[in-house]
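# Overview (structure and organization)
Below are the chains, spelled out letter by letter.
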Amino acid sequence: MPKKVPMRQCLGCREMKPKRELIRVVRSPEGQVSLDARGKAPGRGAYVCRSAECLKKAMRSHAIDRALGVTVPQELYETLRLEMEALPDGTE
C-alpha cells in the first residue's frame, strides 16, 4: 500500500500541497514565532509555499497572524522573507 502523503494548505494561495513542499512558520509554546525548516519544532504551525508571492499574500491578509493566534511583527516577516530566499527549494 502506498504511503500517505500529508497535505497542508498554503496560507497565501490557499492550495493544498504536500507538507514537504511548504515552509512551516511556527509559534512555540513560549510565544516565539520562527521559521521551522524541518517541520518538527513544537508549537502551532502555519504553512506557506516557497514563493515570495504567497508570503506577500499571507502577509496582506494577516493569515499567518490568524493561524498562529498572535500578531506577527513586520520585522519577522522580513526575516522570514530573507530566510525563505536562503532555503534550498526542496526539489530533490
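In this numbering scheme, every chain counts its residues from 1 along its sequence in written order. The model is predicted, so local features are restricted to residues of pLDDT at least 70 and side-chain atom pairs to those at 80 or more, both for listing and for counting; the totals for chains, interfaces and linings are taken over all residues. To obtain the side-chain values, all non-hydrogen atoms of the structure were included, while hydrogens and water were left out.

### Examining the pattern of salt bridges
Heads up, the condition is: Salt bridges are defined as contacts in which a side-chain nitrogen from Lys or Arg sits within 4 Å of a carboxyl oxygen from Asp or Glu. Remark: exposure states derive from per-residue accessible area (1.4 Å probe, protein chains only) relative to the maximum for the residue type, with buried under 20%, exposed over 50%, and partly exposed in between. Under the DSSP-based scheme used, a helix requires at least four consecutive residues in state H or I and a strand at least two consecutive residues in state E, with every element numbered from the N terminus.
All chains considered together, the criterion is met by 3 salt bridges. The residue Glu15 makes a salt bridge to Lys17 at a minimum N-O spacing of 4.0 Å. Overall, Lys17 belongs to the partly exposed group, its relative accessible area being 21%. We note a salt bridge from Arg24 to Asp36, for which the minimum N-O separation is 2.6 Å. Of this pair, Arg24 sits in strand β3 (residues 22-27) while Asp36 sits in strand β4 (residues 33-36), and the two are 12 residues apart along the sequence.

### Overview of the side chain of Asp65
Put simply, the rule is: Under the convention used here, Asp and Glu are negative, Lys and Arg are positive, and both His and the chain ends fall outside the count. Counting of polar contacts relies on pairs of N or O atoms within 3.5 Å, with two restrictions inside protein: one atom must be capable of donating a hydrogen and the other of accepting it, and residues adjacent in sequence are counted only when both atoms are side-chain atoms. Only heavy atoms enter the contact rule, under which two residues are in contact if any of them lie within 4.5 Å.
Following the sequence through the fold, Asp65 ends up in helix α2 (residues 63-68). Although buried, Asp65 forms no salt bridge, and the nearest oppositely charged side chain, Arg66, lies 7.9 Å from it. At a separation of 2.6 Å, a polar atom in the side chain of Asp65 contacts the side chain of Tyr77. Ignoring sequence-local partners within four residues, the contact set of Asp65 consists of Val70, Thr71, Val72 and Tyr77.

### Quick look at a positive patch on the surface
The line we're drawing: Candidates for patches are residues over 30% relative accessible area with no salt bridge; among them, like charges are joined within 9 Å and nonpolar side chains (Val, Leu, Ile, Met, Phe, Trp, Tyr) within 5 Å. Accessible areas in this description were obtained via Shrake-Rupley with a 1.4 Å probe; residue shielding takes into account the shown protein chains only. Lys charges are placed at NZ, Arg charges at CZ, Asp charges at CG and Glu charges at CD.
Together, Lys3, Arg20, Arg38 and Lys40 make up a positively charged patch on the protein surface. Looking at the element boundaries, Lys3 is found in the segment before β1 (7-9). Given a relative accessible area of 79%, Lys3 falls into the exposed group.

### Quick word on helix α3 (residues 74-86)
What counts here: The span expected for a helix works out to 1.5 Å for each residue beyond the first. Throughout, the arc means that of the directions going from the helix axis to the C-beta atoms.
In this model, α3 (13 residues) spans 19 Å end to end at C-alpha, consistent with the 18 Å of a helix rising 1.5 Å per residue. Along α3, the residues that are buried comprise Leu76, Tyr77, Leu80 and Met84. The arc that holds every buried residue of α3, seen down its axis, measures 100°, which confines them to one face. Facing away from the buried side of α3, by more than 90 degrees, are the exposed residues Gln74, Glu75, Glu85 and Ala86.

### A look at the sheet that holds β3
Note the threshold: Should DSSP find at least two bridges between two strands, the strands are regarded as paired. Helix axes use the C-alpha atoms of the stretch in contact, all axes being lines fitted to C-alpha atoms, and the angles between their N-to-C directions lie in the range 0 to 180 degrees.
With respect to topology, 3 strands assemble into an open sheet ordered β4-β3-β5, the strand pairing being antiparallel. Two strands in the sheet have a free side with no partner beyond their single neighbour: β4 and β5 (44-49). For this sheet, the mean angle separating the axes of adjacent strands, direction not counted, is 30°. The pairing of β3 with β5 spans 6 bridges and is classified as antiparallel. Across the sheet, Val25 pairs through a bridge with Ala46, a residue of β5.

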